[in-house]
Amino acid sequence: MTEETSSSRSVAAVERAMDVLLMFGRSGRPDLGVTEIAQELGITKAAVHRILTALRNRDLIIADSVTRRYALGPAAISLGRAYLARTDLRVLAAPELRRLAAQCGETATLSIRRGDTRLYVDQVVPDQELRMEVALGIPLPLHAGSSSKAFLAFLPDTEIDTYLERHALDAITDRTITDPERMRKELSAVRRRGYAMSVGERQSGSASLAAPVFGYDGHVIAVLSLAGPQSRFKQRLAECAPLLMASTERLSAEFGYRPGVG
């Protein structure tokens, strides 16, 4: 066997091992058996056994002696946590904010939640004479405006109920939703669409869209939005919604979110 042939086989073996390990990450199942791994990856059960043994020796995979099924081990979980620890939300979101501002010609913002409030932490303002700008770092309620509703809508129902019981839905403008039952219907519509809309609910004369960014565990970790003058942007909300959703989907993937998994 030539050195080149041996090297090629070694690379192929490593690639098969990575394929097995990645299958655990994307399957959405808590554990996997040898047969299903072999069938899905198109390799022999003997090869799967060898790979799993090597991965177990490094704590990347653990085995259940009773069911004879395998799951991700502590070393794999440590790798995932190390990746998440290195991710900086603002850094990862910045390209999407720039893209959205350029595509739609309106202000793109990034918000995070802090308890029963949310706040803007970044924005990209377009080169328009008439444009929207937001104040960063100021706590805002979760019931007024598209970014706030995007956070509130994707909370568990029990948390939504608790919020609505604990807080009066104060009118910030004459368009703010102040009735709890109407708010529940609005939040249901947001969940169905995947994004929230607002026309003057938090700031008179503005129109906005917002969609959530999900973390690996399916919880909302941030919200991206587009906001502009109502006179110009209201007519373009439907046009820009798919672009916003594409951005939040890409950003969610950066944080390990897989729709329909978990």
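Residues numbered from 1 in each chain as written. Predicted model: local features only at pLDDT ≥ 70, side-chain atom pairs only at ≥ 80, totals over all residues. Heavy atoms only, no water.

K.L.:
Before we move on, could you go through the packing of aromatic side chains and cite the residues and values that matter?
P.N.:
Going through the model one piece at a time under the given rule, you end up with two aromatic pairs. Seen in terms of ring centroids, Phe 154 and Phe 214 are 5.6 Å apart; in terms of plane orientation they differ by 85 degrees. Their pairing is edge-to-face. Remark: Phe 214 occurs in strand S7 (residues 206-214) and Phe 154 occurs in the loop between helix H6 (146-153) and helix H7 (157-166); sequence separation between them is 60 residues. Residue classification places Phe 214 among the buried residues on the basis of a relative accessible area of 15%. An aromatic cluster of at least three residues, connected via ring pairs, comprises Phe 154, Phe 214 and Tyr 257. Against the face of Tyr 120 rests Arg 118, its NZ or CZ located 4.4 Å from the ring centre. Between Arg 193 and the ring centre of Tyr 195, over which it is positioned, the NZ or CZ distance is 5.3 Å. (Phe/Tyr/Trp six-rings, centres within 6.5 Å; stacked < 30°, edge-to-face > 60°. Helix = DSSP H or I, 4+ residues; strand = E, 2+ residues; numbered from the N terminus. Buried < 20%, exposed > 50% of the residue type's maximum accessible area, 1.4 Å probe, protein only. Lys NZ or Arg CZ within 6 Å of the ring centre and 35° of its normal.)

K.L.:
Can you lay out the pattern of salt bridges for me, pointing to particular residues and giving the numbers?
P.N.:
Considering all chains together, one arrives at 14 salt bridges under this definition. Two residues, Arg 232 and Glu 106, come together in a salt bridge whose shortest N-O distance is 2.8 Å. In this pair, Arg 232 is assigned in helix H9 (residues 230-233) and Glu 106 in the loop between helix H5 (89-104) and strand S3 (107-114), connecting sequence segments 126 residues apart. Arg 232 sits in the partly exposed class, given a relative accessible area of 24%. Owing to a relative accessible area of 0%, Glu 106 belongs among the buried residues under this scheme. (Salt bridge = Lys/Arg side-chain N within 4 Å of Asp/Glu carboxyl O.)

K.L.:
Report on the sheet that holds strand S4 (residues 117-124), specifying residues and quantitative values.
P.N.:
Taken in spatial order, the six strands of this open sheet run S5-S4-S3-S8-S7-S6, and their pairing is antiparallel. The open sheet terminates on both sides in strands that have one partner only, identified here as strand S5 (140-141) and strand S6 (196-199). Sheet analysis places S4 next to S5, joined by two bridges and oriented antiparallel. Counted as the bridge partner of Thr 117 is Pro 141 from S5. With respect to the sheet, H5 is in contact with S3, S4 and strand S8 (220-229), its orientation differing from that of S3 by roughly 145 degrees. (Pairing = 2+ DSSP bridges. Contact = heavy atoms within 4.5 Å. Axes fitted to C-alpha atoms, helices over the stretch in contact; angles between N-to-C directions.)

In short, the description is geometric, and any link to function would need to be established separately.
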